Amino acid sequence: MAQIIDGKAIAAKIRGEIANDVKILAGQGIQPGLAVVLVGEDPASKVYVSMKEKACQDVGIFSDEHKLPAETSETDLLALIDKLNRDPRIHGILVQLPLPKQIDTEKVLEAISPTKDVDGFHPYNVGRLVVGKPLFQPCTPYGVMIMLKETGVDLKGKDVVVVGRSNIVGKPVALMCLQQHATVTICHSRTRDLAAKVGQADVVIAAVGVPEMIKGEWVKPGAVVIDVGVNRVGDRKLVGDVEYAAASERAAAITPVPGGVGPMTITMLLYNTVESAKRQAIGNRQ
Ligand code: NDP
């Protein structure tokens, strides 16, 4: 049976280190601040925003919440972002997606100062990741990399197969693995013979959004399986993109869903916010 990679335990450890860093910054008169902007009433977004707010409070980060009505204009949202970009109490700005139809998401993400872009979605930060000099790394893929590190997986020379090529998970995690000297294959909906591709992988990273589509029998014995997928089946049950029970029979280590990658995403958001505050403190001293 595979080792279960416990995302909750790894997240708790990292959050402890973050809380400690926040205390050290407090000794220098600095409190990291995260602005979270929510437009509209999307129920899932509301839950994420309140989870982020609580996580900030738990580690001592100042959480500056902005809840705007669904009919907010693009101009008003851009004006708020401009204000937050210039606010010295704020080290990170997060605009919860999706945004209402009248607002151009790309325009909004590009308006966030790259030095406060804790989600790592600004093209400047994407570019920095591509050239191997990241400033902010997007939270979910960054969380995956920390989990691999904490599990003792050395990616050098390994064959990594990433299933999914989204801008928020698949592409950035592939780049991060490449940076760690893995040989990376990125698969997507037009990939031929996915089973064979997955079967070659020392490390499989699934970020698809289709319940249990990666079959356990595809997994190479001894491989490490990271399942980013979160899919609701039936009324309450959450499952990943990997057929967990069957994959656990073959893998050396595997992340469960829930309790795997999920807890890492907000953790890395906190981490990015604190790093941003540290950078600003150093900048102010120079
Ligand atoms: P997207 O829908 O943006 O991307 C899905 C990717 O999967 C696409 O690249 C798509 O290919 C590919 N794909 C779809 N069907 C197949 C298929 N049959 N075979 C191979 N590839 C396929 O999803 P996200 O990247 O945003 O999210 C992926 C999953 O991760 C979701 O379950 C989401 O809920 C979860 N997630 C979890 C987070 C967490 O904190 N744990 C955070 C973010 C996401 P193509 O490009 O060709 O369409």
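Computed from a prediction, not measured in an experiment: that's the story for all the values here.

Turning to the side chain of His122, a few remarks are in order. Tracing the backbone shows His122 in the loop between helix H4 (105–111) and helix H5 (123–130). At 2.9 Å, the side chain of His122 forms a polar contact with the backbone nitrogen of Tyr124. Residues in contact with His122, not counting those within four places in the same chain, are Leu109, Glu110, Ile112, Pro114 and Asp117.

The next thing to look at is the side chain of Asp64. Topologically, Asp64 is positioned in strand S3 (residues 62–68). One polar contact links Asp64 to His66, side chain to side chain, over a distance of 2.9 Å. Setting aside residues up to four positions removed in sequence, Asp64 forms contacts with Leu34, Ala35, Val36, Leu84 and Ile90.

With that settled, the discussion passes to the layout of surface pockets. Put simply, the largest pocket is a space of about 1,400 Å³. Lining the largest pocket are 45 residues, with Tyr48, Thr140, Val230, Gly262 and Thr265 positioned closest to its centre. Here the element with the most residues in the lining of the largest pocket is helix H2 (residues 43–59); it accounts for eight residues. Across the lining of the largest pocket, the residue classes break down as 27 nonpolar, 10 polar and eight charged. In this structure, the second largest pocket spans a volume of roughly 330 Å³.

This part takes up the packing of aromatic side chains. Applying the stated criterion across every chain yields a total of one aromatic pair. Each ring, one from Tyr142 and one from Tyr271, has its centre 5.7 Å from the other, and the planes form 85 degrees; the classification is edge-to-face. Taken together, the positions of Tyr142 in helix H6 (residues 139–150) and Tyr271 in helix H10 (residues 262–285) put the pair 129 residues apart, joining distant regions of the chain. You can call Tyr142 buried: its relative accessible area is 15%. Overall, the relative accessible area of 26% leaves Tyr271 in the partly exposed class.

Here the focus is the site of the ligand. The local shell around the ligand holds 19 residues, among which Arg165, Ser166, Ser189, Val230 and Thr265 are the closest. Here an oxygen atom of the ligand sits 2.7 Å away from a polar atom, N or O, in the side chain of Arg165. Take Ser166: an N or O atom from its side chain is 2.5 Å from an oxygen atom of the ligand. Considered on its own, the ligand offers 930 Å² of accessible surface; in the complex 68% of this is hidden by protein. In terms of residue class, the shell around the ligand is made up of eight nonpolar, 10 polar and one charged.

Time to look at the pairing of strand S5 (residues 159–163). Of all five residues in S5, four are buried, a share of seventy percent or more. Here five bridges tie S5 to strand S6 (residues 183–187), and the two strands are oriented parallel to one another. If you follow Val162 over to S6, its bridge partner there is Ile186.

A separate point is the state of the cysteines. Overall, the coordinates contain zero disulfides when judged by the stated rule. In this structure Cys177 is not part of a disulfide, and its nearest cysteine sulfur, from Cys187, lies 13 Å away.

The next thing to look at is the UniProt feature "domain: Tetrahydrofolate dehydrogenase/cyclohydrolase catalytic" (unreviewed entry) in the protein chain. In the UniProt entry, the feature "domain: Tetrahydrofolate dehydrogenase/cyclohydrolase catalytic" (unreviewed entry) is given for residues 5–119. Taken end to end, residues 5–119 has its terminal C-alpha atoms 24 Å apart, with 50% of it in helix and 16% in strand.

The next point concerns unusual backbone geometry. Going from Leu97 to Pro98, the amide bond is cis rather than trans, its omega being 5 degrees. With respect to the helices and strands, the residue Pro98 is situated in the loop between strand S4 (92–95) and H4. The omega torsion of the bond from Val257 to Pro258 falls at 0 degrees, within 30 degrees of zero and hence cis. Following the sequence through the fold, Pro258 ends up in the loop between strand S11 (253–254) and H10. Even without glycine at this site, His181 takes up a positive phi of about 70 degrees. Structurally, His181 can be placed in the loop between helix H7 (170–179) and S6. Located in the positive-phi region is Glu212, a residue other than glycine, with phi close to 50 degrees.

In the numbering used here, UniProt assigns the "binding site: NADP(+)" (unreviewed entry) feature to Gly164, Arg165, Ser166 and Val230. Among the residues just listed, Ser166 and Val230 line the largest pocket. Checked against the element boundaries, Arg165 lands in the loop between S5 and H7. Here Arg165 falls in the partly exposed class, since its relative accessible area comes to 40%. When neighbours within four sequence positions are excluded, Arg165 is seen to be in contact with Gly170, Lys171, Ile186, Cys187, His188 and Arg190. Relative to the assigned elements, Ser166 resides in the loop between S5 and H7. Residue classification places Ser166 among the partly exposed residues on the basis of a relative accessible area of 31%. Other than its neighbours up to four places away in sequence, Ser166 contacts Lys171 and Pro172.

What counts, and at which threshold
- Throughout, residues of each chain are indexed from 1 in the direction in which the sequence is written.
- Totals for whole chains, interfaces and linings use every residue, but because this is a predicted model, local features are given only for residues with pLDDT of at least 70 and side-chain atom pairs only at 80 or more, for both listing and counting.
- Note that water and hydrogens are dropped before the side-chain values are worked out from all heavy atoms of the structure.
- Secondary structure elements are defined from DSSP: runs of H or I of at least 4 residues count as helices, runs of E of at least 2 residues count as strands, and each element is numbered from the N terminus.
- Identification of polar contacts relies on pairs of N or O atoms within 3.5 Å, with a donor-acceptor requirement for protein atoms, meaning one able to donate a hydrogen and the other able to accept it, and with residues adjacent in sequence counted only if both atoms are side-chain atoms.
- Here a residue-residue contact requires only that any non-hydrogen atoms of the pair lie within 4.5 Å.
- Only protein atoms enter the 1 Å grid used here. Points where a 1.4 Å probe fits but cannot escape make up a cavity, open sets with protein on both sides within 12 Å along at least five of seven lines make up a pocket, and a residue lines them when an atom lies within 4 Å of a point.
- Grid points are joined across faces, edges and corners, and a volume is the space filled by probe spheres set on the points.
- Note that Gly is not counted as nonpolar here; it falls among the polar residues with everything else outside the nonpolar set of Ala, Val, Leu, Ile, Met, Phe, Trp, Tyr, Cys and Pro and the charged set of Asp, Glu, Lys and Arg.
- Each aromatic pair joins two rings of Phe, Tyr and Trp (for Trp, the six-membered one) with centres within 6.5 Å, and gets the label stacked for planes under 30 degrees apart, edge-to-face for over 60, and tilted for any other angle.
- The classification of residues rests on relative accessible area computed with a 1.4 Å probe and restricted to protein chains. Under 20% of the type maximum is buried, over 50% is exposed, and intermediate values are partly exposed.
- Near, as used in this document, describes a residue that has one of its heavy atoms within 4 Å of the molecule or strand being considered.
- Shrake-Rupley sampling with a 1.4 Å probe provides the accessible areas, and residues are treated as covered by the protein chains on show and by no other component.
- When DSSP locates at least two bridges between a pair of strands, those strands are taken to pair.
- The disulfide definition used here is simple: a pair of cysteine sulfur atoms within 2.5 Å.
- UniProt positions are given in the numbering used here, feature names are shortened, and annotations may be inferred rather than shown by experiment.

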